[in-house]
Amino acid sequence: MKTVLPLGDAAADLATAGGKGASLARLSRAGLPVPGGFVITTDAYRTFVADFRDELLQADAAGIAALFAARDLPADLAAEILAAYEAMGDQAAGAEAVGGEVAGGGVAVAVRSSATAEDLPDMSFAGQQDTYLNIRGEALLDAVRRCWASLWNPRAIAYRDHNGVPHDDVALAVVVQALVDADAAGVMFTANPVTGDRAETVINASWGLGEAVVGGQVTPDTIVVSAGKITQTRTGDKAVMTVRTPDGTHERPTPEELRHAPVLTEPQALELAALGARVQELYGAPMDVEWARSGGAFAIVQARPITAIGQRVEEWNDSLKGDHLWTAGNLGEAIPDVMTPATWSFVQLFISEAMSASVLPGFDLIGNIGGRFYMNLSVAFSAARALGMQSRLSAIEDVFGKLPPGLDVPLLTASRWEIVKGVLPAAVRVRRRVRANIRGLRPFLATAAQRCEELRAAVAGARTGPELAGLWTREGEPHLVTACRMLEAAGRQGGATLVFTRDRLRRLVGDLDAEAMLTGVNVDGELASLGLLTGLGELARGEITCAEFARAYGHRGPHEFEISMPRPGEDPAWIDAQLAGLRDSSVDTEALLARQERAREEAWARFARRYPRRLAGTRAKVRRWNAVVRDRESARSEVVRAFWVVRAFAVRAGELTGHGDAMFFLSREEILAVLHGDETPLEQVPVRRATYERYAALPPYPALIVGRFDPIRWAADPDRRGDLYDARGGGAPISDIVTGFPGAPGVVEGVARVIIGPEDGDRLGPGEILVTTLTNVGWTPMFPRAAAVVTDMGAPLSHASIVARELGIPAVVGTGNATMRLRDGDRVRVDGERGTVELLT
């Protein structure tokens with residue numbers, strides 16, 4: 001029975017040396033730079049626990065620790081271990097060659113657990129047992145004993161249970177290596193762990209020992225190497241570093257001159273990638289390699305197969321392009337889903353036409369972050385400051401929602417002159433275009449619904465791929481572009497009307513009467529945001545047929561921009577579910593509108609008595625407000641209807657080519673190419689489908705993102721926040737108080753019902769308070785059942801505010817934290833005038 005083996009000994013196999021020990025022995029024998037040392041074998045472990053093994057299987061965590069602590073290592077085993085350790089001191093020169101160190105207390109070593117069910121191709125067991133660094137002298141014996149005990153810590157037991165590994169089948173070896181006195185360290189993956197691309201090596205690097213990287217305490221540098229060249233680099237904010245101290249290791253603040261400095265030079269990164277290639281060649285599989293650098297020389301301290309790599313995926317993440325503030329507010333509420341590539345392609349076209357005045361050359365106005373839609377507020381803030389319009393920045397919150405107090409908005413790196421030079425010409429061009437399009441807005445709105453119906457019929461009638469492609473190019477896309485430009489014109493026709501009319505009125509009469517006086521948008525013409533709800537009411541009363549409802553309102557729904565999802569007009573079951581919900585309401589839509597009409601007229605009467613000379617002028621301004629809101633919502637509705645044509649086009653393309661829903665994973669240009677017979681783009685579909693499914697499985701990301709954001713890592717964090725992610729660290733604390741914009745006035749008490757998505761809307765009972773992340777038109781049918789509405793996202797001009805105000809339902813929007821602070825079934829008081837939500841029980 002061998003209890004101690006040199007690290008490179010051929011007998012150091014899995015059963016004897018554990019997974020880590022066997023791997024390091026293999027690397028050492030292959031001539032790779034592995035720090036010297038030895039392995040305390042599994043036989044030594046079994047000898048030590050022989051007298052109390054049965055007790056281990058019965059004891060709890062505290063009892064297990066006590067069992068190990070109460071026993072000393074057998075004298076002959078302790079002597080053998082210390083002899084091997086002292087031999088490392090005799091070979092100090094070799095140890096120094098890989099960064100080891102000899103001091104008065106002996107060689108500094110790393111003591112690492114190495115279980116027999118560890119570092120395997122299908123299970124890594126990474127981090128389940130313990131490691132001790134900077135150990136010297138006879139402290140080694142205690143470290144070995146604690147390593148053995150860690151085989152029975154709660155997380156190791158749980159990991160074995162999860163993977164079906166019997167506890168009787170495992171044993172633990174211990175690897176003792178010269179501790180590399182590292183000035184830098186990190187992790188290297190010989191295949192991209194995010195995308196699965198086996199042609200890429202990804203290196204993470206930080207200062208000091210590697211524990212800060214492995215433990216996730218820092219944002220390391222990231223370097224991607226492919227075909228012997230560096231293809232990507234990203235320098236991280238390395239706020240802390242793990243350093244050696246007399247009593248072990250500790251995290252210390254990184255010196256300021258190193259914090260944002262790159263750890264590796266280009267030649268060093270290529271040298272390290274070449275070492276990774278040698279490791280991968282030795283194992284014949286992609287590897288996860290822990291490395292350290294000392295005195296310019298690299299050492300490999302651990303290597304294991306990458307267990308989680310599977311179908312290759314892409315990375316959809318525009319937050320990696322720079323330090324910007326991204327928001328999911330406003331348009332992100334209308335596009336709440338992870339987007340398929342086809343949807344993203346058409347959304348980019350939509351934004352380029354509908355928001356061209358906001359585009360700043362060289363910077364992205366919108367971004368795709370983990371498949372979700374975000375807008376870059378750093379562009380708006382930088383443009384406002386460059387143009388001397390800081391006083392108008394408060395208007396951004398009215399549109400996109402509140403920013404946390406004290407949030408420092410990162411600005412663009414462009415100079416003031418570069419921003420002015422980029423913004424002004426576009427603004428002048430758009431102003432001319434808006435003036436021209438305003439004249440065509442009414443005719444467009446009058447004919448758009450019929451035109452879309454004709455286009456969908458033409459798409460359905462296309463018989464060949466080239467015929468469908470030609471139809472889209474000649475008629476489909478031009479109609480979508482026109483709809484987008486009409487939305488731009490409708491939104492800009494009132495100038496600052498939408499933002500400032502409301503503010504002036506609130507200063508004159510207070511929040512309650514101001515909000516009442518601003519209702520009635522639906523009186524002089526239908527408010528499109530209410531169309532779905534009023535249409536369902538007409539259908540329920542038998543005033544229209546299902547076919548008529550589908551033609552008029554079937555394009556609106558909770559997922560109306562995502563072209564891979566059916567529209568309500570295609571889904572009779574959705575319509576039936578909404579009708580059932582309306583039947584459960586204690587008050588119908590018409591009654592709510594009538595009640596709000598009375599409140600509106602009473603508010604106007606009070607205004608007339610208080611400001612008789614201002615009455616006519618104020619009524620004119622409010623009519624203008626209502627007209628602008630109505631036109632904006634109508635134009636947006638027609639953009640959504642045009643997206644129903646887009647969906648019909650993609651579906652028909654799949655039918656004619658025989659590739660079905662693969663079309664949803666292509667861009668609009670690629671769909672046209674496939675229709676013309678070029679099937680090359682289809683090669684990307686499996687990767688994009690896997691990417692989409694990966695992101696779609698994650699929870700919705702934070703409403704606000706500052707800097708570089710990793711959706712996968714964020715989702716795995718049990719302490720993640722849904723309101724804000726700030727890569728710079730710190731950030732505003734989560735408030736214990738739920739406050740937001742006064743969306744619609746009124747005070748009500750009731751039971752909170754936290755609804756994650758509109759598909760769970762049947763959980764909302766009559767008279768309960770709807771609490772959710774966001775709402776859009778697809779949520780409207782729930783509103784009559786709700787006593788009040790509370791949302792994380794939103795602003796005074798958001799969907800929830802407009803619809804709640806028209807229906808007279810108290811609402812508090814843009815709280816940022818309602819779904820984090822309120823639980824299903826809590827009793828709460830909602831004050832829509834003050835914008836507060838109070839927890840009662």
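Residues numbered from 1 in each chain as written. Predicted model: local features only at pLDDT ≥ 70, side-chain atom pairs only at ≥ 80, totals over all residues. Heavy atoms only, no water.

Examining the pattern of salt bridges
- Under the counting rule described, the total for this entry stands at 40 salt bridges.
- Linking Asp824 and Arg763 is a salt bridge whose minimum nitrogen-to-oxygen distance equals 2.4 Å. Separated by 61 residues along the polypeptide, Asp824 in the loop between helix 29 (818–821) and strand 27 (827–831) and Arg763 in the loop between strand 23 (747–754) and strand 24 (768–772) bring together distant segments of the chain.
- Classification of Arg763 as partly exposed rests on a relative accessible area of 36%.
- Each of the salt bridges in this network shares a partner with another, and the network as a whole consists of Asp72, Asp142, Arg145 and Arg146. (Salt bridge = Lys/Arg side-chain N within 4 Å of Asp/Glu carboxyl O. Helix = DSSP H or I, 4+ residues; strand = E, 2+ residues; numbered from the N terminus. Buried < 20%, exposed > 50% of the residue type's maximum accessible area, 1.4 Å probe, protein only.)

Examining the packing of aromatic side chains
- The full count for this structure, using the stated rule, is 20 aromatic pairs.
- With a centroid separation of 5.4 Å and 90° between ring planes, the pair formed by Phe52 and Phe68 is classed as edge-to-face. Here Phe52, found in the loop between helix 2 (42–49) and helix 3 (53–58), pairs with Phe68, found in helix 4 (residues 61–69); they are 16 residues apart in sequence, far enough to count as distant.
- Judged by its relative accessible area of 0%, Phe52 falls in the buried class.
- Look at Phe68 and you get buried, because its relative accessible area is 1%.
- Measuring from centroid to centroid gives 6.1 Å for Tyr701 and Trp714, while their planes differ by 85°, and the two rings are edge-to-face. With Tyr701 in the loop between helix 26 (685–696) and strand 19 (704–706) and Trp714 in helix 27 (residues 711–716), this residue pair connects regions lying 13 residues apart in the sequence. For the pair Tyr701 and Trp714, one class covers both residues: buried.
- Taken together, the ring pairs in this structure connect Tyr45, Phe48, Phe52, Phe68 and Trp148 into an aromatic cluster.
- The aromatic ring of Tyr701 is capped on one face by Arg372, whose charged end is 5.1 Å from the ring centroid.
- Cation over ring: Arg619 sits above Trp604, and NZ or CZ is 4.2 Å from the ring centre. (Phe/Tyr/Trp six-rings, centres within 6.5 Å; stacked < 30°, edge-to-face > 60°. Lys NZ or Arg CZ within 6 Å of the ring centre and 35° of its normal.)

Regarding the nonpolar core
- Membership of the largest hydrophobic core comes to 98 residues, with the highest contact counts inside it found for Phe350, Ile351, Phe373, Leu480 and Phe643.
- Contact partners of Phe643, with chain neighbours within four places excluded, come to Phe346, Val347, Phe350, Leu480, Glu560, Phe561, Ile563 and Arg567.
- Ranked by size, the runner-up nonpolar core spans 47 residues in total, among them Leu533, Leu592, Leu770 and Phe783. (Core = buried A, V, L, I, M, F, W, Y, C linked by side-chain atoms within 4.5 Å. Contact = heavy atoms within 4.5 Å.)

A closer look at the sheet that holds strand 11 (residues 229–234)
- Read across the open sheet, the six strands follow the order 11-10-9-8-14-15; overall the sheet is antiparallel. In this open sheet, the two edge strands, each paired with only one partner strand, are strand 11 and strand 15 (297–305). The sheet shows a mean angle of 20° between the axes of neighbouring strands, taken without regard to direction.
- As paired elements, strand 14 (residues 287–294) and strand 15 share eight bridges and run antiparallel to each other. (Pairing = 2+ DSSP bridges. Axes fitted to C-alpha atoms, helices over the stretch in contact; angles between N-to-C directions.)

Digging into the sheet that holds strand 17 (residues 366–369)
- Pairing in this open sheet of five strands is mixed, and the strands run 17-18-16-19-20 from one edge to the other. At either margin of the open sheet sits one strand with a lone partner, and together these are strand 17 and strand 20 (724–726). On average, adjacent strands in this sheet sit at an angle of 25° to one another, irrespective of strand direction.
- The strands that helix 13 (residues 341–354) touches are strand 17 and strand 18 (372–376); relative to strand 17, the one it contacts most, it runs at about 165°.
- Relative to the sheet, helix 14 (residues 377–386) contacts strand 16 (325–327) and strand 18, its axis offset from that of strand 18 by approximately 10°.

Side note on the side chain of Arg647
- Of note, Arg647 is situated in helix 24 (residues 615–657).
- From its side chain, Arg647 meets the backbone oxygen of Ile563 in a polar contact 2.9 Å long.
- Those residues in contact with Arg647, other than ones at most four positions away along the chain, are Ile563, Ser564, Met565, Pro566, Arg567, Glu570 and Phe664. (Polar contact = N/O pair within 3.5 Å; in protein donor to acceptor, adjacent residues only side chain to side chain.)

Details of the packing of helix 23 (residues 589–610) against helix 28 (residues 799–807)
- Between helix 23 and helix 28, whose axes approach to 7 Å, the crossing angle comes to 80°. Taken as axis vectors, helix 23 and helix 28 run roughly perpendicular relative to one another. Side by side, helix 23 and helix 28 meet where Thr589, Leu592, Leu593, Arg595 and Gln596 of the first sit next to Arg805, Glu806 and Leu807 of the second.
- Among the residues forming the contact of helix 23 with helix 28, the class breakdown is three nonpolar, two polar and three charged. (Parallel < 35°, antiparallel > 145°, perpendicular 65-115°, else oblique. Nonpolar A, V, L, I, M, F, W, Y, C, P; charged D, E, K, R; others polar.)

Thoughts on the confidence of the model for the chain
- Averaged over every residue, the pLDDT of the chain is 87; residues scoring 70 or more account for 92%.
- Looking across the chain, the model is least confident in helix 6 (residues 92–97), with a mean pLDDT of 44, and most confident in helix 25 (residues 668–675), with 98.
- Contacts of residues 93–104 to residues separated by more than four positions or lying in other chains number 21 contacts, the stretch itself having pLDDT below 50. (pLDDT = per-residue confidence, 0-100.)

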